[in-house]
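One letter stands for each residue in the lines below.
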Amino acid sequence: MNTLSILMSAFVLSLVGLGFFIWSQRSRLLSHDGDGSAVIFATGEIGHAETTALQPASGTDADGIDSQELLDRVAADASTAPVVFFFYCCAFVWLLVASAAGLTASIKLHAPDWLVSEAWLSFGRIRTIHLNAVAYGWAPMAGLGTALFIIPRLLKTELVGGRYALLGGALWNAALVAGLGSLAYGVSDGLEWLEIPWQIDILFVAGGALVGLPLILTLLRRKVAHLYVSVWYMGCALFWFPVLFLVANFPGIHRGVEAATMNWWFGHNVLGLFYTPLALASIYYFLPKLIGRPIQSYNLSLIGFWGLAFFYGQVGGHHLIGGPVPSWLVTLSIVQSMMMILPVVAFTVNQHLTLKGHLSALRHSPTLQFICLGGLMYTASSVQGSFEALRSVNVITHFTHYTVAHAHLGLYGFVTLTFFGAIYFVVPRITGRDWPWPRLISVHFWLAAIGIAIYFISLTIGGWLQGSAMLDQSRGFMESVQLTLPYLKARSIGGGLMALSHVVFAAHFVRLLIGVRQVAQPNSTYLAAPGAL
C-alpha cells in the first residue's frame, strides 16, 4: 500500500462525503420534519422548556402535556438518583484532586524549586497524577453519571440493576486510589495515559463492566421503539472504551515502536471515542429539553455520529510524525484528521440552527450556558486538531506547549464544561433541592471560561514561538525554553482561575446538600422526584 493510493482513496471519500453533505442541504435534510428527534419529549411537551416544576397528575394537564409520561419520567429519575448521586460525588472529589495536582504541576514549570522536599511532588509524578485523576476520575465519573441519568429517561423506563453500577463505581474508584498511589510512589508503566500498572487495571475492567451492565439491562426493557441519537453515542462509548482499554493495557503484547503507535492510538481515541460521545450525547439531550424544541435536523445528528465512528479511529498517528513508523500510517492519520471536519461541521450547523431564535434562553439557564460554550469549544478544538495534524503545522507545534493548549481546549473547554452543565441540570432532579445561590453559578461559569481562555491563548502563542525557536538553528535550545516563561506564568494564572471555579462549584454542591429539601415551586428549576435523595 503506497502513500499515493491512500491519499487518492481518502480524497475520493472526502468528495463523496462533501457531496452528500451538500445534497442533504438541497433535499431539506436540515429541515425539522417530526422525526426521531421528538422522542425525548412527552406528548404535548414540545414548546415547553424543562425548566419549571410540573406537578403531574393522571391524564392531561392544562398545557396539553401527557402527565402519565411525566410521572414515568419522575419514576426513572428516582430509580437513578442513588447511583447518579454516588458518581457525581466521586466526580467532585476527583475534580478537586486533579485541580490541585494540575495547578502544582503548572507552577513547577516556571518555579521548579517549589515543593521539592517530597518525591511525589516532583513534576514528573504530580503531572501524571493530574492527568490520571482527570482521565479516570473526574471525566468518567461525571460522564457515566450523566449517562445513567439520561438513558432511562430516553428509554422511558426505570434503571434496571442500579446496584451493579454502585459496585462497579466503587471498584473503579478503588482502582483509581491504588493507581494514583502507585504513581505517587514512582511505580508506573511508563506510557502516557496508560501509566497505572496493568495489575491495577484489572479492577478498572471489572468496575467498568459492572457499570455498563445496568445500561444493557435497561436497554432490554425499554418502552420506546426508536433509540434517540444520544443513546447511540452513549452506547457506543460504553462499547468502544473497553475495547480501547483492554487492547492498550494487555501485558506483554506491545513493544518498541508498536507500543508507541498503540499509545497514541489509545490516547487520542479515549478522548474521541469515549469522552466525546458522552459529551455530545449530553448536548443532544439537554439542548432541546432546555429550549423546548427538537434538534433542527435529526439526520445531521446521525451523520455526525457515523462520521465520528468512521473517521476518528486512526487520528492519533499524527503524534508520531518524524518517528520510526511507516509513512502511510502517519498519512492515513492526517487524512482522517482532516475528514473529521465533516462530522464536526454537521454538529455545528445542527447546534446553530436548533438554537436560532432561542438565544434568550441563555440568560436564564446555567446548563444551557455551559453546554453551548462546550459545543462551541468542540468545534474549535476539532478544527484546530485537524489542521494541527498537517505536517507543515505539526513540524512547528510538535513537542511544544501548543499541543498542551489544544488538549485542554478539548478535554476542558468541550468535555468538562459540558459535564458542568449536565450536573447543574441533574443534581436538583435527583436530590429534590434547588441550587441555593444562583449567583455562584455565574461566578463558576465566568471563572472557568476566563481561565480556559487565558490558559489556551497563552500556551498557543508560547508553544508556537517555542516551536519556531527550536527550528531556528541559530538559536540555542535554552532560548526556546526561556521565551516560554511569561506564557507559562500566564498558564498558571488561567489554571488558578479554573481551579478556583472548581472550588466554588464544589462548595455550592455541598451547600445544596446540607440545605433543607425544597418543595417544587412554580418557578423552581427542578422537577422533584418521589424517592429522590
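This one's a predicted model, so the numbers in the text were calculated from it and none came from an experiment.

A word on the overall build of the chain. Broken down by element type, the chain carries 16 helices and zero strands. The 533 residues of the chain split such that 54% are buried. Counting only contacts in the chain whose residues sit at least 6 apart along the sequence, the fraction spanning at least 24 positions is 83%. Of the accessible surface of the chain, which amounts to about 21900 Å², a share of 69% is contributed by carbon and sulfur atoms.

What follows deals with unusual backbone geometry. Even without a glycine there, the phi angle at Leu115 is positive, about 55°. Positioned with a positive phi, Trp193 is a non-glycine residue whose angle comes to about 75°. Tracing the backbone shows Trp193 in the loop between helix H4 (162-185) and helix H5 (198-220).

The subject of this paragraph is the nonpolar core. Counting residues in each nonpolar core, the largest one holds 135 residues, and the members touching the most others are Tyr136 and Trp138. Here this core gets 19 residues from one element, more than from any other, and that element is helix H3 (residues 123-155).

On to helix H11 (residues 366-388), then. At 3.6 residues per turn, the α-helix brings residues three or four places apart onto the same side. Between the first and last C-alpha of H11 there are 32 Å, a value that for 23 residues agrees with the 33 Å anticipated at 1.5 Å per step. Burial runs high along H11: 17 of the 23 residues are buried.

A separate point is the environment of Arg221. Here Arg221 lies in the loop between H5 and helix H6 (229-249). Overall, the relative accessible area of 54% leaves Arg221 in the exposed class. When the C-alpha atoms of Arg221 and Pro152 are compared, they prove to be 9.7 Å apart, with 69 residues separating the residues in sequence. Beyond its immediate sequence surroundings of up to four residues, Arg221 is in contact with Thr157 and Val160.

Running from N to C, H5 and H6 cross one another at 165°; their axes reach a closest spacing of 11 Å. As summarised for this structure, H5 and H6 are arranged roughly antiparallel, according to the angle between their axes. Both H5 and H6 take part in a crossing whose hand is left-handed. Side by side, H5 and H6 meet where Trp198, Asp201, Phe204, Val205 and Leu215 of the first sit next to Leu238, Phe245, Leu246 and Asn249 of the second. Counted by class, the contact of H5 with H6 contains seven nonpolar, one polar and one charged residues.

Rules and cut-offs
- Residues numbered from 1 in each chain as written.
- Predicted model: local features only at pLDDT ≥ 70, side-chain atom pairs only at ≥ 80, totals over all residues.
- Heavy atoms only, no water.
- Helix = DSSP H or I, 4+ residues; strand = E, 2+ residues; numbered from the N terminus.
- Buried < 20%, exposed > 50% of the residue type's maximum accessible area, 1.4 Å probe, protein only.
- Contact = heavy atoms within 4.5 Å.
- Areas by Shrake-Rupley, 256 points an atom, 1.4 Å probe, with all protein chains shown as cover.
- Core = buried A, V, L, I, M, F, W, Y, C linked by side-chain atoms within 4.5 Å.
- Expected span 1.5 Å × (residues − 1).
- Axes fitted to C-alpha atoms, helices over the stretch in contact; angles between N-to-C directions.
- Parallel < 35°, antiparallel > 145°, perpendicular 65-115°, else oblique.
- Left-handed = near helix turned anticlockwise from the far one by under 90°.
- Nonpolar A, V, L, I, M, F, W, Y, C, P; charged D, E, K, R; others polar.

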